[in-house]
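# A closer look at the structure
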Amino acid sequence: MRISELKRKALHSLGGKWGAAVSLMLLLFLINIILPLIVEVIGSGGFSQWFMQEETPVWSDIFSTVLSIALIPLTISTTWFYLNLLREGNPDITEVFAIYKDGRTSFKLIGASILQGIFIFLWSLLLIIPGIIKGIAYSQQFFLLKDHPEYTVLEAITESRKRMKGLKWKYFLMHLSFIGWGILCMFTLGIGLLWLIPYAGTTVAAFYNELIVPQEDFDDQQIEV
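Computed from a predicted model, the values in this text were never measured in an experiment.

### Points about the packing of aromatic side chains
Between two aromatic rings, the relevant description is the distance of the centres plus the angle of the planes. For the coordinates displayed, the defined rule picks out 6 aromatic pairs. For the ring pair Y171 and F207, a centre distance of 5.1 Å and an interplane angle of 70° mean the geometry is edge-to-face. Placement of Y171 in helix α11 (residues 168-176) and of F207 in helix α13 (residues 193-212) is noted, with a sequence separation of 36 residues between them. Judged by relative accessible area, which is 0%, F207 ranks as buried. Ring geometry for F178 against Y199: centres 5.1 Å apart, planes inclined by 85°, an arrangement best described as edge-to-face. Of this pair, F178 sits in the loop between α11 and α12 (179-186) while Y199 sits in helix α13, and the two are 21 residues apart along the sequence. On the accessibility criterion, F178 (9% relative accessible area) is buried. Seen from the ring of F178, K7 lies directly overhead, with NZ or CZ sitting 4.4 Å from the centre. Note that K134 overlies the ring of W123, its terminal NZ or CZ placed 4.7 Å from the centroid.

In structure tokens:
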């Protein structure tokens, strides 16, 4: 399937659902950016003290690190939201936050994200290009964990690497195709990202749904033969 077709599928799925997608982006912005800022201002003793300080307090850095780790399941659940948008057509925003009801899955996603980051970092020590290639190879890990919760983290990484054979270049070009929109968003002071991120995220989900998932049927047929 061509990249243009994947993008059309994404736009079709988002039709009539832009309100929910943009609202989700706003919520994530408030949680990821505004919340840490408010905590830092309060902890600094007020806006004037916060504005005049030359260095970020150590406790603020620790809080930001802990919050970033705690938000990993939410970030991954957002990508699942886009996949559900493709498959079901009308996902609920509350489903994104419901990920925290399942503590085991949340910790598993945190571990998967950290392990993936370690692997990519180690490959990047060789050269930046191998790191990028491996990052693309592991890109389907979290979608696979959604459809196959029985997978271990290493199994999901291995399966992603296997299924991305022959598709890495297409995946890279797909992301590259959004650069123009990203540049235009700069002229909107970032406001355009509220629409661009759901568009790109749903296109990535379409890539998985149309090019990665069908490989399961092919593998099943080979087993039967």
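So, next bit.
### Observations regarding the confidence of the model for the protein
Looking at the protein, pLDDT values average 88 and 93% of them are 70 or higher. The low-confidence segment residues 221-225 (pLDDT under 50) makes 0 contacts with residues lying over four places distant or belonging to another chain.

### Comments concerning a nonpolar patch on the surface
A cluster of nonpolar residues, W169, F172, L176, I179, W181, I183, L184, M186 and F187, forms a patch on the protein surface that exposes about 1000 Å² of accessible area. Those elements that place two or more of their residues in the nonpolar patch are α11 and α12. Of the residues forming the nonpolar patch, the biggest block, 5 residues, is contributed by α12. Position of I183 among the secondary structure elements: in helix α12.

### Topic: the nonpolar core
Core analysis: the largest hydrophobic core is formed by 53 residues, its most contacted members being M174 and F207. Sorting elements by how many residues they give to this core places α13 first, with 10 residues. In this view, M174 contacts I3, L6, T203, V204 and F207; residues no more than four positions away in its chain are not counted.

### Some words on the pattern of salt bridges
Enumeration over the complete set of coordinates arrives at 4 salt bridges. Note that E210 and K9 form a salt bridge whose closest N and O atoms lie 3.7 Å from each other. Of this pair, E210 sits in helix α13 while K9 sits in helix α1 (residues 3-14), and the two are 201 residues apart along the sequence. On the basis of relative accessibility, which here comes to 28%, the residue E210 falls in the partly exposed class. Among the ionic pairs, E159 bridges to K162, the shortest N-O distance being 3.4 Å. One end of the pair is E159 and the other is K162, both in helix α10 (residues 153-163) and 3 residues apart, which spans about a single turn. Among the residues examined, E159 registers a relative accessible area of 12% and is labelled buried. For K162, a relative accessible area of 43% puts it in the partly exposed group. The structure contains a network of salt bridges with shared partners spanning E159, K162 and R163.

Calculation criteria
- Residues numbered from 1 in each chain as written.
- Predicted model: local features only at pLDDT ≥ 70, side-chain atom pairs only at ≥ 80, totals over all residues.
- Heavy atoms only, no water.
- Phe/Tyr/Trp six-rings, centres within 6.5 Å; stacked < 30°, edge-to-face > 60°.
- Helix = DSSP H or I, 4+ residues; strand = E, 2+ residues; numbered from the N terminus.
- Buried < 20%, exposed > 50% of the residue type's maximum accessible area, 1.4 Å probe, protein only.
- Lys NZ or Arg CZ within 6 Å of the ring centre and 35° of its normal.
- pLDDT = per-residue confidence, 0-100.
- Contact = heavy atoms within 4.5 Å.
- Patch = residues over 30% accessible without salt bridge, like charges linked within 9 Å, V, L, I, M, F, W, Y side chains within 5 Å.
- Areas by Shrake-Rupley, 256 points an atom, 1.4 Å probe, with all protein chains shown as cover.
- Salt bridge = Lys/Arg side-chain N within 4 Å of Asp/Glu carboxyl O.
- Core = buried A, V, L, I, M, F, W, Y, C linked by side-chain atoms within 4.5 Å.

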